[in-house]
Amino acid sequence: DTEVTQTPKHLVMGMTNKKSLKCEQHMGHRAMYWYKQKAKKPPELMFVYSYEKLSINESVPSRFSPECPNSSLLNLHLHALQPEDSALYLCASSRDRNSPLHFGNGTRLTVT
Amino acid sequence: GENVEQHPSTLSVQEGDSAVIKCTYSDSASNYFPWYKQELGKRPQLIIDIRSNVGEKKDQRIAVTLNKTAKHFSLHITETQPEDSAVYFCAASTSAWGGGSYIPTFGRGTSLIVHP
């Protein structure tokens, strides 16, 4: 069981589709993250939302856009993705930026 | 940007042996160093962590040591078991994105294989 809930578990989408990944935590954590993980690679941080401020990895293309409706939710909107965007997308939360990361089970994304 | 280097990339041991994985970091302001274990097809999970005001921490068969002067920290697993087989990632809070913003940055991972 995980305290960070991600939906959906699997997603297959075409390059013209628009979809969203959802992430929710109820631990009262002040920081939430989106990571992208390719096979046999470490998680790569895409976005951080902490203390009402969004930080962005400048190497992440604009076809990925985060949304934080409230302190418990951090969604990731996907638009016009490319096949190379296929990966495991992991959401995580932590009490603050110097505390353990609690990961969700991830969304396995395939772009066709 | 700031890097977290991790070695080795693959480590193969016999059951009962010890395993050591090492990481180095470059930002002297980093002060939190967690280790995560990721089994195949699963999410990373914290196994142990250490803060910069401590030199060593132990939890049963797992220990972590930190040398702030040399900027390196290591994971030690004793009496390895087949269920220890997984990918292990070190991490450190680094200013990889600049602007004084600290983010958790992962090493490239070590695939540990424990042979029965």
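Fair warning: this is a prediction, and the values are worked out from it, not measured in the lab.

### Some thoughts on the overall build of chain B
Then comes step 1: Check the secondary structure of chain B and you find zero helices and 11 strands.
Then comes step 2: Ordered by position from N to C terminus, the α and β elements of chain B give β-β-β-β-β-β-β-β-β-β-β.
Then comes step 3: With the principal axes as the frame, chain B shows a C-alpha extent of 50 × 30 × 20 Å.
Then comes step 4: Buried residues in chain B amount to 44% of all 116 residues.
Then comes step 5: Contacts spanning at least 24 positions in sequence make up 54% of the contacts within chain B whose residues lie at least 6 apart.
Then comes step 6: Carbon and sulfur atoms provide 47% of the accessible area of chain B, an area that totals close to 5600 Å².
Then comes step 7: Considering chain B, the positive charge centre built from 11 side chains and the negative charge centre built from 12 side chains are found 4 Å apart.

### Topic: the environment of A:Lys9
Residues and elements named next belong to chain A.
Then comes step 1: When you line up the elements, Lys 9 lands in the loop between strand 1 (4–7) and strand 2 (10–13).
Then comes step 2: Once the C-alpha coordinates of Lys 9 and Arg 108 are considered, the two residues, 99 residues apart in sequence, prove to be 6.1 Å apart.
Then comes step 3: Setting aside anything within four residues of it in sequence, one finds Lys 9 in contact with Gly 106, Thr 107 and Arg 108.

### Some remarks on the side chain of B:Asp49
Then comes step 1: Note that B:Asp49 resides in strand 5 (residues 45–51).
Then comes step 2: Reaching out from B:Asp49, the side chain makes a polar contact with the side chain of B:Tyr32 at a distance of 2.7 Å.
Then comes step 3: At 2.8 Å, the side chain of B:Asp49 and the side chain of B:Lys57 are in polar contact.
Then comes step 4: Excluding anything up to four places from it in sequence, B:Asp49 contacts A:Pro100, B:Tyr32, B:Phe33, B:Pro34, B:Lys57 and B:Val64.

### Points about the packing of aromatic side chains
Then comes step 1: For the structure on display, the rule yields 12 aromatic pairs over all chains.
Then comes step 2: With 5.7 Å between their ring centres and 50° between their planes, A:Tyr35 and A:Phe103 make a pair best called tilted. On the criterion of sequence distance, the pair formed by A:Tyr35 in strand 4 (residues 31–37) and A:Phe103 in strand 10 (residues 102–103) is long-range, its members being 68 residues apart.
Then comes step 3: A:Phe103 sits in the buried class, given a relative accessible area of 0%.
Then comes step 4: Aromatic pair B:Tyr25 and B:Phe33: ring centres 4.7 Å apart, planes at 40°, arrangement tilted. Side by side, B:Tyr25 and B:Phe33 carry an identical accessibility label, which is buried.
Then comes step 5: Of the aromatic side chains, those joined through ring pairs into one cluster are A:Tyr33, A:Tyr35, A:Phe103, B:Tyr36, B:Phe89 and B:Phe106.

### Digging into the sheet that holds strand 3 (residues 19–25) of chain B
Residue and element names in this part refer to chain B.
Then comes step 1: Across the sheet, which stays open at both edges, the five strands sit in the order 1-3-8-7-6 with antiparallel pairing between neighbours. Looking along the sheet, the strands with just one partner apiece sit at the ends: strand 1 (4–7) and strand 6 (56–59). Looking at each pair of strands side by side, their axes are set apart by 15° on average, direction ignored.
Then comes step 2: Bridging between strand 1 and strand 3 involves four bridges; their strand directions are antiparallel.

### Overview of the interface of chain B and chain A
Then comes step 1: Chain B puts 19 residues into the contact, and the matching count from chain A is 25 residues.
Then comes step 2: At the boundary of chain B with chain A, total buried surface from both sides reaches about 1700 Å², with 56% on carbon and sulfur atoms.
Then comes step 3: The interface formed by chain B and chain A holds zero salt bridges in total.
Then comes step 4: For the pair chain B and chain A, the number of links is eight residue pairs in polar contact (both at pLDDT 80 or more).
Then comes step 5: Per-class residue counts for the side of chain B that touches chain A are 10 nonpolar, five polar and four charged.

What counts, and at which threshold
- Residues numbered from 1 in each chain as written.
- Chains lettered and ligands numbered in written order.
- Predicted model: local features only at pLDDT ≥ 70, side-chain atom pairs only at ≥ 80, totals over all residues.
- Heavy atoms only, no water.
- Helix = DSSP H or I, 4+ residues; strand = E, 2+ residues; numbered from the N terminus.
- Buried < 20%, exposed > 50% of the residue type's maximum accessible area, 1.4 Å probe, protein only.
- Contact = heavy atoms within 4.5 Å.
- Areas by Shrake-Rupley, 256 points an atom, 1.4 Å probe, with all protein chains shown as cover.
- Lys, Arg positive; Asp, Glu negative; His and termini not counted.
- Charge placed at Lys NZ, Arg CZ, Asp CG, Glu CD.
- Polar contact = N/O pair within 3.5 Å; in protein donor to acceptor, adjacent residues only side chain to side chain.
- Phe/Tyr/Trp six-rings, centres within 6.5 Å; stacked < 30°, edge-to-face > 60°.
- Pairing = 2+ DSSP bridges.
- Axes fitted to C-alpha atoms, helices over the stretch in contact; angles between N-to-C directions.
- Buried area = accessible area lost by both parts, 1.4 Å probe.
- Salt bridge = Lys/Arg side-chain N within 4 Å of Asp/Glu carboxyl O.
- Nonpolar A, V, L, I, M, F, W, Y, C, P; charged D, E, K, R; others polar.

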